[in-house]
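Chain by chain, the residues run as shown.
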Amino acid sequence: MKAITLIGSTGSIGTQTLDIVAQCPEQFRIVGLAAGSNVELLASQIRQFRPSIVAISNESKLPELKSAIKDVEPQPTLLSGEAGVIEVARYGEAQTVVTGIVGCAGLLPTIAAIEAGKDIALANKETLIAGAPVVLPLIKKHNVKLLPADSEHSAIFQCLQGIPEGGLRKIILTASGGAFRDWDVKKLAEVTVADALKHPNWSMGRKITVDSATLMNKGLEVIEAHFLFGLDYDDIEIVIHPQSIIHSLIELQDTSVLAQLGWADMRLPLLYALSYPERIYTDWERLDLVKAGSLTFREPDHQKYPCMNLAYNVGKAGGSMPAVLNAANEQAVALFLEEKIHFLDIPRCIEIVCDRHSQQNNSNPNLEDILAADKWARQEVIEAANNLQNAPKVVSIR
Ligand SMILES: NC(=O)C1=CN([C@@H]2O[C@H](COP(=O)(O)OP(=O)(O)OC[C@H]3O[C@@H](n4cnc5c(N)ncnc54)[C@H](OP(=O)(O)O)[C@@H]3O)[C@@H](O)[C@H]2O)C=CC1
Ligand SMILES: CC(=O)[C@@H](O)[C@H](O)COP(=O)(O)O
Ligand SMILES: [Mn+2]
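As recorded in an unreviewed UniProt entry, the protein chain goes by 1-deoxy-D-xylulose 5-phosphate reductoisomerase and comes from Calothrix parasitica NIES-267. Per UniProt, the protein chain has the following entry under Catalytic activity (unreviewed entry): "2-C-methyl-D-erythritol 4-phosphate + NADP(+) = 1-deoxy-D-xylulose 5-phosphate + NADPH + H(+)".

Structure representation (structure tokens):
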């Protein structure tokens, strides 16, 4: 039975991972949980899954959590703050750590898990995008597995099984097109937060749902694919596939193309990241091609969605640029969700900050450099947002 620690247990990835564990008690058990602020859900997860160690990142919530589980026997070790989450990530018993924290907040716990010899089931793409120059060498050094759980990267990883080294020629990432795929570009000036949070196919957390709407999610996934599978950026293509049935494709040297298909259900890539290389039987709804109907494809519109080109350019620049792109995007999306900037300001702010950083890109950043670049970019987005024409004054960063 595989022992699993789950960080980000109260989110979309977290709850779907726990659904798998509940359905596969012979295969998996939870030893550690970490979350941000959601005491009620975390307490009920503790009751159901009986982890040995738990952390809540928001320190002020620890007393509430303690009280909510005071009758649970045996009591798990309870920690709080960033240090507590890191402690949970490195906790002894677990073989695999599922990274379901959103954003670069996942970076330090993931590094701690790798250094403690854990395999990583990677949902938290921001960790790799910002931290690849540090994370990838550590994965090698500690001889642990980096198993993709993002649906596209899982699809590519599944297709690659049995393909000899050097056989891969191109990656084709599918994109749903996000909330505004059928909106006229002129209407994007009227977008509300509620509009951006209506993903056509997937039910996910707020940040990634906005990323899907700007197509930055696909831009981030291009960089993620580069780091995971080692192809040049010119060999990673995006295609819009509104049905989200084909989760991505690979082209091989002889022009043969392989794809992985399934309903839009994150449990499948999560299960494979946990069971790899085994395949576990499930009673989940099986793909019915007739029910799926037409599978269609179109070119992405780079004028309408500038985030994709931003990501390609930043990926090609490398160094500390991806950390800056990622942090700028996190900050811009947060401001959009707080209704402090407009949807169309998201790429504007990111571009301004990436342009500024291009003068000082660090080609070989260490962890300290990455964290500094991340902090700098967030502050710069605040400034850029305040300077946008007609923008209401935003806030100063903490
Ligand atoms: N959802 C999906 O289908 C997919 C998600 N991903 C990626 O997976 C990651 C998670 O996404 P998703 O589940 O949608 O996000 P959610 O917003 O639904 O969940 C985020 C989780 O992270 C926790 N969290 C936030 N900040 C911290 C912190 N500082 N320390 C500890 N825990 C924290 C939250 O806790 P709390 O709520 O208690 O505050 C919550 O459990 C993202 O990187 C996303 O890009 C990738 C592919 C698909
Ligand atoms: C489920 C998943 O992996 C998400 O990253 C998904 O890809 C979002 O959909 P789009 O970015 O294609 O809209
Ligand atoms: Mn994805």
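Enquirer: So what's going on with the environment of Ile238? Which residues, and what values?
Expert: By the secondary structure assignment, Ile238 is in strand E9 (residues 236-240). Owing to a relative accessible area of 5%, Ile238 belongs among the buried residues under this scheme. Separated by 160 residues in the primary sequence, Ile238 and Leu78 place their C-alpha atoms 43 Å from one another. Not counting the four nearest positions on each side in its chain, Ile238 is found in contact with Leu173, Ala175, Lys218, Val222, Pro300, Met308 and Tyr312.

Enquirer: Mind laying out the site of ligand 1, listing which residues take part and the relevant values?
Expert: Near ligand 1 there are 24 residues, and of these Thr10, Ile13, Asn38, Glu126 and Gly205 occur at the shortest range. With respect to ligand 1, the backbone of Gly11 contributes an N or O atom lying 3.0 Å from an oxygen atom. Alone, ligand 1 offers 900 Å² of accessible surface; in the complex the protein occludes 84% of this. Elements supplying a minimum of two residues to the shell around ligand 1: helix H1 (12-23) and helix H6 (125-141).

Enquirer: Give me the lowdown on the sheet that holds strand E10 (residues 246-252), citing residues and values where you can.
Expert: On the basis of which strands lie adjacent, the open sheet formed by four strands has the order E9-E8-E10-E11 and mixed pairing. Of all strands in the sheet, those with a lone pairing partner are E9 and strand E11 (257-261), marking the two edges. Neighbour-to-neighbour, the strand axes of the sheet open up by a mean angle of 20°, direction not taken into account. In terms of strand pairing, strand E8 (residues 168-175) meets E9 through five bridges, oriented parallel. Note that in E9 the partner of Leu173 across the bridge is Ile238.

Enquirer: Any chance you could break down the coordination of the manganese ion (ligand 3) for me, citing the residues and the numbers?
Expert: Each protein donor to the manganese ion (ligand 3) is listed here as Asp150 (OD), Glu152 (OE) and Glu221 (OE); together their distances run 2.1 to 2.2 Å. Taken together, the six donor atoms coordinating the manganese ion (ligand 3) span angles of 63 to 163° at the metal, a pattern that classifies the geometry as irregular. Of note, the donors binding the manganese ion (ligand 3) are all from one chain and are spaced D-x1-E-x68-E. Of the two residues, Asp150 is situated in the loop between strand E7 (146-148) and helix H7 (151-160) and Glu221 in helix H10 (residues 216-229); the sequence distance between them amounts to 71 residues. Assigned by exposure class, Asp150 and Glu221 land together as buried.

Enquirer: Lay out the UniProt feature "domain: DXP reductoisomerase C-terminal" (unreviewed entry) in the protein chain in plain terms, naming residues and giving numbers.
Expert: Under the feature "domain: DXP reductoisomerase C-terminal" (unreviewed entry), the UniProt entry names residues 261-379. Structurally, residues 261-379 comprises 57% helix and 1% strand, and the distance from its first C-alpha atom to its last is 41 Å.

Enquirer: Can you explain the site of ligand 2? Please cite residues and give values.
Expert: Around ligand 2, the structure places 16 residues, and the nearest of them are Asp150, Ser151, Glu152, Ser176 and Asn217. In this structure, an oxygen atom belonging to ligand 2 sits 2.6 Å away from a side-chain N or O atom of Ser151. In the model, an oxygen atom of ligand 2 is placed 2.9 Å from a nitrogen or oxygen of the Glu221 side chain. Summarising the interface, the protein chains cover 97% of the accessible area of ligand 2, which totals 350 Å² for the free molecule. Of all the secondary structure elements, the ones that give two or more residues to the shell around ligand 2 are H7, helix H9 (206-214) and H10. It is H10 that contributes the most residues to the shell around ligand 2, three residues altogether. In terms of residue class, the shell around ligand 2 is made up of five nonpolar, six polar and five charged.

Enquirer: Give me the pattern of salt bridges: which residues, what numbers.
Expert: The tally for this structure, following the rule as stated, stands at 23 salt bridges. Of the charged contacts in the structure, one is a salt bridge between Asp150 and Lys125, with a shortest N-O distance of 2.9 Å. Note that Asp150 is positioned in the loop between E7 and H7 and Lys125 in helix H6, a separation of 25 residues in sequence. Close ionic contact of Arg378 with Asp374 constitutes a salt bridge, the shortest N to O distance being 2.7 Å. Of this pair, Arg378 and Asp374 both sit in helix H16 (residues 367-387), four residues apart, roughly one helical turn.

Here is what the cut-offs are and how they apply
Residues numbered from 1 in each chain as written. Chains lettered and ligands numbered in written order. Predicted model: local features only at pLDDT ≥ 70, side-chain atom pairs only at ≥ 80, totals over all residues. Heavy atoms only, no water. UniProt positions renumbered as here; feature names shortened; annotations may be inferred. Helix = DSSP H or I, 4+ residues; strand = E, 2+ residues; numbered from the N terminus. Buried < 20%, exposed > 50% of the residue type's maximum accessible area, 1.4 Å probe, protein only. Contact = heavy atoms within 4.5 Å. Near = heavy atom within 4 Å. Polar contact = N/O pair within 3.5 Å; in protein donor to acceptor, adjacent residues only side chain to side chain. Areas by Shrake-Rupley, 256 points an atom, 1.4 Å probe, with all protein chains shown as cover. Pairing = 2+ DSSP bridges. Axes fitted to C-alpha atoms, helices over the stretch in contact; angles between N-to-C directions. Donors = N, O, S within 2.8 Å, 3.2 Å for Na, K, Ca; no water. Tetrahedral: all angles 85-135°; square planar, octahedral: opposite > 155°, others 65-115°. Nonpolar A, V, L, I, M, F, W, Y, C, P; charged D, E, K, R; others polar. Salt bridge = Lys/Arg side-chain N within 4 Å of Asp/Glu carboxyl O.

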